Amino acid sequence: MDGTTELLGLAREIALTAGELVARRRAEGVEVAASKSSTEDIVTFADRESEALIRSLLAEARPDDGFLGEESGADAGSSGLTWVVDPIDGTVNFLYGIPHYAVSIAVVEGEPEPTTWSALAGVVVNPASGELFTATAGGGAFLGDRRIRVAPPVELSQALVGTGFGYLAEVRTEQAAVVAGLIHRVRDIRRMGTASLDLCAVACGRLNAYYERGLRPWDHAAGALIAAESGASVGGLRGAPASQAFTLAAEPTVAARLEEVLLDLVG
Ligand code: LIP
């Protein structure tokens, strides 16, 4: 068993354990702990509890690795590997009881910077549905035990496109203007609220494309690897890597067609 397979096994085990906790807390009722960048950008007690659990299990199993989490920040390690964690991606869906949120865990090599890291393994689990998406670098992408592939190319007018919006009203207004310029050019738009699951949706053909501006590293670390391993093109605009500036995932032909329109709309 090579190191990447072992890393995936650990990520899978910990994501499932955290997912069980998250599902339990949802059933018990969810309380907001605080707001962050805006009143809409909330963190629940379950977010914090899930990340603390993940962080402690990783520290026990891999004490020399680094950690980068949405709620508790970063610790550099000495091994050259960093675990990038979103303890509950889709927090607003989780708060409202919309069964579309995820625990996302990735392990990357190099600096914990999306534009330079090499993702080695990633896991995205939806505690509400039980769906578990996984991938290792060069090992393919899976939903459960089933290998998943990006949907075949389609004309842009037939593409079902996912996207998301930021927590600042003025940013959402700009993002909505892009959607307004795009929506008549594609089959339809889906805003499902969880970047990691949107990337996994591209990986298994439930979306033809997904794009978003403003994602944080933990939002896309695992989902981007899963999408790339499914055969999707994953990156930013103009050949840049996926980052907070822009993330676009789609079958390569669809990605090129969508990027051309997006470049006109975002400038
Ligand atoms: C969410 C992302 C989603 C984005 C939301 C939010 P969070 O992450 O997964 O794609 O549109 O605004 O950023 O905050 O729930 O971890």
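Read on for an overview of the structure. (Residues numbered from 1 in each chain as written. Predicted model: local features only at pLDDT ≥ 70, side-chain atom pairs only at ≥ 80, totals over all residues. Heavy atoms only, no water.)

### Topic: the environment of A250
Here comes step 1: Secondary-structure assignment places A250 in strand β15 (residues 247–250).
Here comes step 2: For A250, a relative accessible area of 0% gives the class buried.
Here comes step 3: In this view, A250 contacts V150, V202, N208, A209, A232, S233 and A255; residues no more than four positions away in its chain are not counted. (Helix = DSSP H or I, 4+ residues; strand = E, 2+ residues; numbered from the N terminus. Buried < 20%, exposed > 50% of the residue type's maximum accessible area, 1.4 Å probe, protein only. Contact = heavy atoms within 4.5 Å.)

### A closer look at the pattern of salt bridges
Here comes step 1: Scanning all chains against the criterion turns up eleven salt bridges.
Here comes step 2: Between K36 and E71 there is a salt bridge, with its nearest N and O atoms 3.1 Å apart. Of this pair, K36 sits in the loop between β1 (32–35) and β2 (42–44) while E71 is found in the loop between β3 (66–69) and β4 (73–75), placing the two residues 35 residues apart along the sequence.
Here comes step 3: A salt bridge links R190 to D188; the shortest N-O distance between them is 3.0 Å.
Here comes step 4: Accessibility expressed as a relative area gives 29% for D188, which makes it partly exposed. (Salt bridge = Lys/Arg side-chain N within 4 Å of Asp/Glu carboxyl O.)

### Some points on the side chain of T44
Here comes step 1: Note that T44 resides in strand β2.
Here comes step 2: In terms of polar contacts, T44 uses its side chain to reach the backbone amide nitrogen of A46, at 3.2 Å.
Here comes step 3: Filtering out sequence-adjacent residues up to four positions away, T44 remains in contact with V30, E31, V32, A33, I88, T91 and F94. (Polar contact = N/O pair within 3.5 Å; in protein donor to acceptor, adjacent residues only side chain to side chain.)

### Focus: the packing of helix α1 (residues 3–28) against helix α2 (residues 45–61)
Here comes step 1: Running from N to C, α1 and α2 cross one another at 155°; their axes reach a closest spacing of 10 Å. In terms of orientation, α1 lies roughly antiparallel with respect to α2. Seen along the crossing, α1 lies across α2 with a hand that is right-handed. For the pair α1 and α2, the contacting residues are L10, I14, T17, A18, L21, V22 and R25 in the first and A46, E49, S50, L53, I54, L57, L58 and A61 in the second.
Here comes step 2: Residues of the contact of α1 with α2, tallied by class, amount to eleven nonpolar, two polar and two charged. (Axes fitted to C-alpha atoms, helices over the stretch in contact; angles between N-to-C directions. Parallel < 35°, antiparallel > 145°, perpendicular 65-115°, else oblique. Left-handed = near helix turned anticlockwise from the far one by under 90°. Nonpolar A, V, L, I, M, F, W, Y, C, P; charged D, E, K, R; others polar.)

### Remarks on the nonpolar core
Here comes step 1: Counting 27 residues, the largest nonpolar core has I54, L58, W83, F94, V103, I105 and V107 as its most contacted members.
Here comes step 2: Secondary-structure elements contributing two or more residues to this core are α1, α2, β5 (81–89), β6 (102–109) and β7 (118–125).
Here comes step 3: The greatest single-element share of this core, amounting to eight residues, is contributed by α1.
Here comes step 4: Excluding anything up to four places from it in sequence, V107 contacts L7, L81, T82, W83, S118, A119, L120 and A121.
Here comes step 5: Formed by 22 residues, the second largest nonpolar core is a distinct cluster that contains L68, A106, A135 and C204. (Core = buried A, V, L, I, M, F, W, Y, C linked by side-chain atoms within 4.5 Å.)

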